[in-house]
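Residue-level listing of the chains:
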Amino acid sequence: MQTLVGWHVDTEFREEGDKTRAAAMLRLADGTEVRGHGHASRHPSDPAQLRVGEEIAGARALMDIAQTLLKKAHDEIEETTGRPAHPINR
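Residues numbered from 1 in each chain as written. Predicted model: local features only at pLDDT ≥ 70, side-chain atom pairs only at ≥ 80, totals over all residues. Heavy atoms only, no water.

The protein chain is annotated in an unreviewed UniProt entry as DUF1876 domain-containing protein from Streptomyces spongiicola.

Structure below.
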C-alpha cells in the first residue's frame, strides 16, 4: 500500500539594513505546526543582494525545523518502543 503525504512550508522574511530574518512554519499532514527561525547578516563590504540574505536566513530557518523534526521523531521512537533510541543527527 502506498500513502501520499504532503507537507506545506510557509516562509516570511524581514529585512532591516544589513540583516535578514526568516520565520518558517511547516504544517504536517495531521495539522501539527512546526516553526523555525533563521537570520543572516551582510558584511559591510559585500554588495546588497537581498536574495542571498533570504536564502541564508531561509536555509537556517529550515535547518531549525529539521532539528525539531528529528527530535520529535526520536521522542516518538522512544515512546513507542519504551527504550532509549539512538541519536538521530542526520
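Moving on from the coordinates now.
## Re helix 1 (residues 50-81)
With 32 residues, helix 1 extends 46 Å from end C-alpha to end C-alpha; this agrees with the ideal 46 Å at 1.5 Å per step. When we look at burial in helix 1, the residues that qualify are Gly-53, Ala-57, Gly-58, Ala-61, Ile-65, Leu-70 and His-74. Two residues or fewer after helix 1 comes Gly-82, characterised by a positive phi angle close to 75°. (Helix = DSSP H or I, 4+ residues; strand = E, 2+ residues; numbered from the N terminus. Expected span 1.5 Å × (residues − 1). Buried < 20%, exposed > 50% of the residue type's maximum accessible area, 1.4 Å probe, protein only.)

## Thoughts on the pairing of strand 1 (residues 8-16)
Of the pairings in the sheet, the one linking strand 1 to strand 2 (residues 19-27) comprises nine bridges and is antiparallel in character. When the sheet's bridge partners are listed, Thr-11 is paired in strand 2 with Ala-24. (Pairing = 2+ DSSP bridges.)

## Digging into the pattern of salt bridges
A full pass over the atoms with the stated rule returns six salt bridges. Measuring nitrogen to oxygen at the nearest pair gives 3.5 Å for the salt bridge that ties Arg-14 to Glu-16. A salt bridge links Lys-71 to Asp-75; the shortest N-O distance between them is 2.8 Å. Taken together, the positions of Lys-71 and Asp-75, both in helix 1 and four residues apart, correspond to about one turn of that helix. By relative accessible area, Lys-71 is classed as partly exposed at 49%. (Salt bridge = Lys/Arg side-chain N within 4 Å of Asp/Glu carboxyl O.)

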